[in-house]
Amino acid sequence: MDADAIEIRLGEMYPELPPGERAIARVLLDDYPFAALGSLRALAERAGVSPPTASRLVGRLGFAGFADFQAAVRAGAREHDRSRLSEFVTRPPDLHDAAEDLRSGLAGTLAAVTGPLLDAVAVRLAEAGAVWALGGPLSELAADYLVRQLAGLRPGAHRVPDQPAARARVVLDLGPPDVVVAYDFRRYSAATARFVHAARARGARLVLVTDAWESPLAEQAEVLVRLPREAAGPIAPLTHEIAVTELILVAAAARLTPAARLAALDALTRDLSPPDA
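Analysis parameters
Residues numbered from 1 in each chain as written. Predicted model: local features only at pLDDT ≥ 70, side-chain atom pairs only at ≥ 80, totals over all residues. Heavy atoms only, no water. Core = buried A, V, L, I, M, F, W, Y, C linked by side-chain atoms within 4.5 Å. Buried < 20%, exposed > 50% of the residue type's maximum accessible area, 1.4 Å probe, protein only. Helix = DSSP H or I, 4+ residues; strand = E, 2+ residues; numbered from the N terminus. Contact = heavy atoms within 4.5 Å. Polar contact = N/O pair within 3.5 Å; in protein donor to acceptor, adjacent residues only side chain to side chain. Phe/Tyr/Trp six-rings, centres within 6.5 Å; stacked < 30°, edge-to-face > 60°. Pairing = 2+ DSSP bridges. Axes fitted to C-alpha atoms, helices over the stretch in contact; angles between N-to-C directions. Expected span 1.5 Å × (residues − 1). Arc of directions from axis to C-beta.

Draft legend 1. Broad picture of the nonpolar core. Core analysis: the largest hydrophobic core is formed by 31 residues, its most contacted members being L125, L150, V181, Y183 and V225. Those elements that place two or more of their residues in this core are α7 (115-127), β1 (131-135), α8 (139-153), β3 (179-184), β4 (205-210), β5 (223-226) and α11 (236-256). Excluding its chain neighbours within four sequence positions, the residues that come into contact with L150 are L125, V131, A157, L249 and A252. Among the nonpolar cores identified, the runner-up in size contains 28 residues, and L10, Y32, L57 and A72 belong to it.

Draft legend 2. Quick look at the side chain of T210. The residue T210 is located in strand β4 in this model. A distance of 2.8 Å separates a polar atom in the side chain of T210 from the backbone oxygen of D184. Not counting residues within four places of it along the chain, the set of residues in contact with T210 comprises D184, F185, Y188, S215, L224, V225, R226 and L227.

Draft legend 3. The packing of aromatic side chains, seen in detail. Applying the stated criterion across every chain, the model contains two aromatic pairs. When the ring of F66 is compared with that of F69, the centres are 5.8 Å apart and the planes differ by 40°; the resulting orientation is tilted. Here F66 pairs with F69, and both are found in helix α5 (residues 66-90), just three residues apart, close to one helical turn. Here F66 matches F69 in class, with each residue buried. An aromatic cluster is present here, built from F63, F66 and F69 joined pairwise through their rings.

Draft legend 4. Looking closely at the sheet that holds β3. Pairing is parallel in the open sheet, where five strands are placed in the order β2-β1-β3-β4-β5. Edge strands, defined here as strands with exactly one partner in the open sheet, are β2 (157-159) and β5. The average angle at which neighbouring strand axes cross in this sheet is 15°, direction not considered. In this sheet, β4 lies alongside β3 in parallel orientation, the contact comprising six bridges. Residue pairing for β4: V180 is matched across the bridge by L206. The strands touched by helix α10 (residues 190-201) are β1, β3 and β4; relative to β3, the strand with the most contacts, the crossing angle is about 160°.

Draft legend 5. The arrangement of α10 in detail. The first and last C-alpha atoms of α10 sit 17 Å apart over 12 residues, in line with the 16 Å expected at 1.5 Å per residue. Among the residues of α10, T192, A193, F195, V196 and A199 are the ones counted as buried. Taken down its axis, α10 places every buried residue within 165° of arc, on the same side. Opposite the buried face of α10, at more than 90 degrees from it, the exposed residues are R194 and A201. Where the residues of α10 are buried, they touch β1, α9 (164-172), β3 and β4. Two or three places before A191, at the opening of α10, S189 has a side-chain oxygen 3.4 Å from that residue's backbone nitrogen. The first or second residue beyond α10 is G203, which carries a positive phi of 100°.

It is worth stressing that arrangement in space is one thing and function is another; only the former is reported here.
So, in structure tokens, the structure goes:
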């Protein structure tokens, strides 16, 4: 089994794994292949499970032991690097193929976000006392976009601040009527997790937008928007996240009847704009 096959197999197995082995798989997928190259104990500690749990996952992948697993990862990684270099030298990147991959992946993502799922998110955004959104690296842009647009549709839509002291002041006033919208993708954000745990302890509800491998926060979500594998990659995820956010906003707008608020916002924007030069 080469390195790519190991990573693909981990992703395919992930939804069916028991919780402990899923934690190991998440660490491996989050930092592949490097997470596989340390000791078994170090891998288990990163995942917060016991070494025997990591060994069970290795066995499930078809390896006799962790040493065999590591050897396959190393050999596959070397072959993968040689193959990619050879392909790059002999065949320049095909932008048409990349565009087609992005289009087909986006279509798959939008198809996965069903009407009932969008309606479930829209109900919570419409009925929340306040909505607070946050994300990790890059996905914070999707959270910011959600707040900018939602603030035109209803009051009380806020971006979670970055500094811990400011976040503490937000959490202090959270309660059961409030909703947190978190965007959390590989590599999952520890800062996002800390805020969500604190918010949930105050009774706030969670809408989570995550990837096929699921953020560790998935079990706490009242509504889980799980993007398929097509949303993975170095560039595509933000495109997918923004597109899904657009669908969420359209569904929320249908429940909020925001015409009067939007008209007032337009009038205020004109009043506050500088006169034309």
